[in-house]
Amino acid sequence: MAMEDIKHDKLVVAAIDFGTTYSGFAYCTRHDYEDYLNNKRDQPKIQCPTWKAGGWMNYKAPTCVLFKPNRSFHSFGYDAQSFYQENSDKVDFSQWYYFEHFKMMLYKEKDVLTKDTWLKETIDVNDGDKKMKAVDVFAAVIGYFQGLIMNELLKGHGATAFSNDDIHWVLTVPAIWDLKAKQFMRDAAEKVNISNDQLTLALEPEAASIHCRRQPVGIQTQTDGKKAIAGMQKGDKYVVFDQGGGTTDITVHEVTGPNSVKEIHQACGGHWGGITVNGEFYKFLVRLLGGDVINAVKENHPVEYYELMHNFEHAKTNFKEDTKKVTVRLPLVWLTKYEEITEDTLKEVIPQTNFNKKIKIVSDKLRIDHSLFRTFFDYSIVNVTDELERLFRKEELSDVQTLLAVGGFSESSVLIDAIKEKLGPEIDVIVPRDPGLAVLKGAVLYGFEPGIITSRVSRYTYGVAMQRNYIDGFDDASKRPSHGNKLIDDIFDIHVTKGKVVQIGHFEPEHTYYPVVDEHKCVHFEFFATEVTNPKYTTESECKMIGVLSVDLEKKLSKDGGLSLKINASGTEIVAVASEKSSKNEYRAYFSLF
């Protein structure tokens, strides 16, 4: 490792792991990182500040945020939860805005995501009356973490030691996110004065892999004596399974050097994270209580609504295969609302339902039998294990025999046991110490060492829309031009093909374009992505416009003047450079999110 790994002149790298369920932050000064480079430390001195909650110190806080009625930021995490719980009799929260699990919106609504996308308030039951612009919600949370990090630096190093300009920021994002979601995060960061040139997006499984490769082998040696990720040599391969709260991210890495890896299979996964277990519990409540009861509690007793959900989260975290019965404390308002609406008591109704002998009400406690509670995990486990089984069956991955499990939900023994059973004894499943912090710590290292990932595999085919002459026998008959016009629209000009290995920092061969009319002063390239390997037209149903690349020219471009465009799709976002053939002038093309 050389000092050239640091591609910026910032004094600090600060990382924010913006999770669906929990979020955290970490940082490292350049001085401490250089001590590590110069062998003064075995490990980089990465600071991971904690939150205090209920007498415990936690490295992450719940990803929930509270806004005042005027939509200004009020609090985040445990502070938002406690303010909600302690002031329900003093504050009319029907006028406030409370959001949680909102990061999943960037995955679920990726096809329609824009800067003007609205985010529905979590507690709202009136069909979206309470909402804020999503980019403002994300920006407020990033700004909150920005303030925390600045305060930590000031406490540790003095009032004038650092400013925002001294920090290189790293935001973690799932590998399965598309470009629009990644650009959305950049836009949110820019709203709190984190400029594009001081921000890096780190893919979560890559960050976790970086951290685990850097751990002393002794820490990650399995009980049977096999060396884990840190002990692997050049050419060794392993699957990175990042199971967070929202998304499941799966990639395959090959070791290329002592501290570097490359991606050898395009990222896969889906919405199978830990909150799907909560979602199954919610469906159970609907079947048990009815939607009217749940909405009544939500609207009139939001504190007790979230109290039950938080109680379930605690029970989920501690659930194991040998747990016979699970106890979830049930705030009494749930029972009284049920009685008000149904004119029955839940305790008397349960024996008449399909849940007889599977659940029991004892005072303010809901006792759930193991067999029923275990079904809440089924959706996540079935999807995850099926996806992993498909991956390990691929011929090109036949020599991969190791799986590294990271992310907060990888701490679930139920999940890990199911994976081991599905994959069999020939696959080594490794869960590092503190798997929920692997992404965060690795993101800090990635901020200092952007070259640690040497190549990636393109998840999509990328290209731009263009015009060209109709080709008889190749083009669809419906595209045949009329009235003597030879040009046809919406041709998908491919720059990067799905599945291609792209080297980090390298541009693909340039393509040259010519304007249809004279005197162009500004040129726009409509940019598309698709999971189809060789699309013909940008109008095909699988093709999605992901934005516009715009180039402002110093001089007007004539119809005879060519403009070349080259794409670098190896990073966590796309970079494009355009140049005029005649003058050789190069222009920076910027990605404009629709």
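Computed from a predicted model, the values in this text were never measured in an experiment.

J.: With reference to specific residues and values, describe the packing of helix 7 (residues 275–289) against helix 9 (residues 302–318).
T.: Where helix 7 contacts helix 9, the two axes come as close as 11 Å, and the packing angle between them is 125°. With respect to each other, helix 7 and helix 9 are oriented oblique. By crossing handedness, the relation of helix 7 to helix 9 is classed as right-handed. Residues Ile275, Val277, Asn278, Phe281, Tyr282 and Leu285 of helix 7 form the contact with helix 9, whose own contacting residues are Tyr305, Leu308, Met309, Phe312, Glu313 and Lys316. Residue classes in the contact of helix 7 with helix 9 are distributed as nine nonpolar, one polar and two charged.

J.: Give a description of the packing of aromatic side chains that names residues and reports values.
T.: For the coordinates displayed, the defined rule picks out 40 aromatic pairs. Aromatic pair phenylalanine 377 and phenylalanine 409: ring centres 6.3 Å apart, planes at 15°, arrangement stacked. On the criterion of sequence distance, the pair formed by phenylalanine 377 in the loop between helix 12 (370–375) and helix 13 (378–393) and phenylalanine 409 in the loop between strand 19 (402–406) and helix 14 (413–423) is long-range, its members being 32 residues apart. These aromatic residues form a ring-pair network of at least three members: Phe281, Phe284, Phe312, Phe319, Phe355, Phe373, Phe376, Phe377 and Phe409. The ring of tyrosine 97 carries lysine 130 above its face, with NZ or CZ at 5.8 Å from the centroid. Note that lysine 479 overlies the ring of tyrosine 537, its terminal NZ or CZ placed 4.7 Å from the centroid.

J.: Outline the pairing of strand 8 (residues 97–100), listing residues and values.
T.: Neither face of strand 8 is open: one carries Tyr97 and Phe99, the other Tyr98 and Glu100, and all of them are buried. Relative to strand 8, strand 6 (residues 64–67) runs antiparallel, the two being bridged by four bridges. Of the residues in strand 8, the one forming a bridge with leucine 66 is tyrosine 98.

J.: Can you break down a negative patch on the surface residue by residue, with the values?
T.: A cluster of like negative charges, contributed by Glu339, Glu343, Asp344 and Glu348, occupies part of the molecular surface. Mapped onto the elements, glutamate 343 comes out in the loop between helix 10 (332–342) and helix 11 (346–349).

J.: Outline the nonpolar core, supporting the account with residue identities and numerical values.
T.: Residues Phe284, Trp334 and Leu403 are the most contacted members of the largest nonpolar core, which totals 68 residues. Ranked by residues supplied to this core, first place goes to helix 9 with seven residues. With sequence-adjacent residues up to four places away left out, leucine 403 is seen in contact with Val239, Phe241, Leu388, Phe392, Leu423, Ile427, Asp428, Val429 and Ile430. Counting residues in hydrophobic clusters, the runner-up holds 56 residues, among them Val137, Tyr144, Leu199 and Ala267.

J.: So what about the confidence of the model for the protein? Which residues, and what values?
T.: Per-residue pLDDT for the protein averages 86, and the proportion of residues at 70 or more is 90%. Taken together, the stretch residues 1–6 has pLDDT below 50 and engages in 15 contacts with residues farther than four places along the chain or on a different chain. Segment residues 218–226: pLDDT under 50, and twelve contacts once partners within four positions in sequence are set aside and those in other chains are kept.

What counts and what doesn't
Residues numbered from 1 in each chain as written. Predicted model: local features only at pLDDT ≥ 70, side-chain atom pairs only at ≥ 80, totals over all residues. Heavy atoms only, no water. Axes fitted to C-alpha atoms, helices over the stretch in contact; angles between N-to-C directions. Helix = DSSP H or I, 4+ residues; strand = E, 2+ residues; numbered from the N terminus. Parallel < 35°, antiparallel > 145°, perpendicular 65-115°, else oblique. Left-handed = near helix turned anticlockwise from the far one by under 90°. Contact = heavy atoms within 4.5 Å. Nonpolar A, V, L, I, M, F, W, Y, C, P; charged D, E, K, R; others polar. Phe/Tyr/Trp six-rings, centres within 6.5 Å; stacked < 30°, edge-to-face > 60°. Lys NZ or Arg CZ within 6 Å of the ring centre and 35° of its normal. Buried < 20%, exposed > 50% of the residue type's maximum accessible area, 1.4 Å probe, protein only. Pairing = 2+ DSSP bridges. Patch = residues over 30% accessible without salt bridge, like charges linked within 9 Å, V, L, I, M, F, W, Y side chains within 5 Å. Areas by Shrake-Rupley, 256 points an atom, 1.4 Å probe, with all protein chains shown as cover. Salt bridge = Lys/Arg side-chain N within 4 Å of Asp/Glu carboxyl O. Lys, Arg positive; Asp, Glu negative; His and termini not counted. Charge placed at Lys NZ, Arg CZ, Asp CG, Glu CD. Core = buried A, V, L, I, M, F, W, Y, C linked by side-chain atoms within 4.5 Å. pLDDT = per-residue confidence, 0-100.

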